[in-house]
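Single-letter residue listing:
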Amino acid sequence: MKNVDTLIESAAELAERGLSKGEIADELNVSRETASWLVERSGTDSDAASEPAPSPRATTSPQDIHVDWNAIGRDSARLTQVSKAMADIISKEGDDVGLTVGIEKAGVPLATVVARELDTDLSAYGPAKHQWEEGDLDELGGGFSRNFAAISDQECYVVDDTITSGTTLRETIEAIRARGGEPVGCVVLVDKQGVEEIDGVPVYSLINVVSVGRDE
């Protein structure tokens, strides 16, 4: 994906497939606000379906950074090597960790390798943003997949692909604690916010993106 126009086309395709704006945000590794803007620019938003599509440049887009790690995700060998690096970073957080929690969708394949490298069980968490269209995320709820290990009274690692705002990691940490687990560390491929900790849990990333600019 080379430019905003391509992202708008991708958002339109995902919207036409019936994905929520939260799922579109997850697929494109952008914020929910950016996902909404992309869908609106594409003219596929339900409220604007009967109106001509606005120009992609007609309004100011949200300030965001798109992360495309398809070159890693499409190749199992590359994905494994990168995940091993993530496991190496997070391993310093404890010797008695029994569970690795992957955040769906993209965090789960990364977490699978991390769990194997660190000899833990594997759990998968589906965040509330996958149900999000418009409104307050607090009214929605995520959940753990029953096809993976259950959260119990043990220490956990948390794995995801990208931090955009930190909301999803915070939600996952709270959900783990609500089930009796205790997250001891989080690790992601890319951190767009420079987060060092969330709710007392240290956060590590392979790549930390720093936005450099000046005020007008």
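As shown above, the structure is provided for reference.
Residues numbered from 1 in each chain as written. Predicted model: local features only at pLDDT ≥ 70, side-chain atom pairs only at ≥ 80, totals over all residues. Heavy atoms only, no water.

Enquirer: For this particular structure, what's the right way to read the overall build of the chain?
Expert: Helix and strand counts for the chain stand at seven helices and seven strands. If you list the helices and strands of the chain from N to C, you get α-α-α-α-α-β-α-β-β-β-α-β-β-β. By sequence separation, contacts in the chain at least 24 residues apart represent 65% of the contacts at least 6 residues apart. (Helix = DSSP H or I, 4+ residues; strand = E, 2+ residues; numbered from the N terminus. Contact = heavy atoms within 4.5 Å.)

Enquirer: Honestly, the sheet that holds strand β5 (residues 182–191) in this entry has me stumped. Any pointers?
Expert: Neighbouring strands of a sheet are bound in pairs by backbone hydrogen bonds; such pairs are parallel or else antiparallel. Within the open sheet, the seven strands sit side by side as β3-β2-β1-β4-β5-β7-β6. Their pairing is mixed. Both edges of this open sheet fall to β3 (143–144) and β6 (197–198), since each of them pairs with a single strand only. Where strand β1 (residues 99–103) and strand β2 (residues 121–126) come together, five bridges link them in parallel fashion. In the strand pairing of β2, Leu99 is matched with Asp121. (Pairing = 2+ DSSP bridges.)

Enquirer: Help me understand the nonpolar core in this model?
Expert: Generally speaking, soluble globular proteins have nonpolar side chains that are buried together. Trp69, Met86, Leu110, Val114, Val159 and Leu189 are the most contacted members of the largest nonpolar core, which has 20 residues in total. Elements with a minimum of two residues in this core: α5 (76–90), α6 (107–118), β4 (155–163) and β5. Per element, the largest residue contribution to this core is five residues, and it comes from α5. Ranked by size, the runner-up nonpolar core spans 19 residues in total, among them Phe144, Ile163, Ile198 and Val203. (Core = buried A, V, L, I, M, F, W, Y, C linked by side-chain atoms within 4.5 Å. Buried < 20%, exposed > 50% of the residue type's maximum accessible area, 1.4 Å probe, protein only.)

Enquirer: Can you walk me through helix α7 (residues 167–178) in this structure?
Expert: Each α-helix winds once per 3.6 residues, and so residues spaced three or four apart point in a common direction. Taking 1.5 Å of rise per residue, the 12 residues of α7 would be expected to cover 16 Å, and the 16 Å separating its terminal C-alpha atoms lies within 8% of that figure. Within the span of α7, buried status applies to Thr168, Leu169, Glu171, Thr172, Ile173, Ala175 and Ile176. In the stretch just after α7, Gly180 is the one whose phi turns positive, near 95 degrees. (Expected span 1.5 Å × (residues − 1).)

Enquirer: Before we go on, may I ask you to explain the environment of Pro183 in this structure?
Expert: Inspection of the secondary structure assignment puts Pro183 in strand β5. Counting along the chain gives 28 residues from Pro183 to Glu155, while the straight-line C-alpha distance between them is 5.7 Å. Pro183 has contacts with Cys156, Val158, Ile173, Ile176, Arg177 and Val201, leaving out every residue within four places of it along the chain.

Enquirer: Can you walk me through the pairing of strand β7 (residues 201–208) in this structure?
Expert: Sheet faces and side chains relate simply in a regular strand, where the side chains alternate between the two faces. Bridge analysis of β5 against β7 gives five bridges, and the strand direction is parallel. Across the sheet, residue Cys186 finds its bridge partner in β7, namely Val203. Relative to β7, β6 runs antiparallel, the two being bridged by two bridges. Bridge pairing in β7 links Ile198 to Val201. Between β6 and β7, which pair antiparallel in sequence order, lie two residues; one of them, Asp199, sits at a positive phi of approximately 50 degrees.

Enquirer: Which parts of the structure should I look at to understand the environment of Asp160?
Expert: The residue Asp160 is located in strand β4 in this model. Residue Asp160 is classed as buried on the basis of its relative accessible area, which comes to 4%. Remark: the alpha-carbon pair of Asp160 and Val190, spanning 30 residues in sequence, is separated by 9.0 Å. Sequence-distant contacts of Asp160, that is, excluding residues within four places in its chain, are made with Met86, Ile103, Gly107, Leu110, Thr168, Val187, Val188 and Leu189.

Enquirer: Quick question: what am I supposed to make of the packing of α5 against α6 here?
Expert: How two helices sit against one another is set out by the angle between their axes and by the gap between those axes. It is at 8 Å that the axes of α5 and α6 come closest, and there the two elements cross at 60 degrees. Classified by the interaxial angle, the pair formed by α5 and α6 is oblique. The crossing of α5 and α6 is right-handed. The segment α5 lies against α6, with Leu79, Thr80, Ser83, Lys84, Met86, Ala87 and Ile90 engaging Pro109, Leu110, Val113, Val114, Glu117 and Leu118. Here the residues of the contact of α5 with α6 sort into nine nonpolar, two polar and two charged. (Axes fitted to C-alpha atoms, helices over the stretch in contact; angles between N-to-C directions. Parallel < 35°, antiparallel > 145°, perpendicular 65-115°, else oblique. Left-handed = near helix turned anticlockwise from the far one by under 90°. Nonpolar A, V, L, I, M, F, W, Y, C, P; charged D, E, K, R; others polar.)

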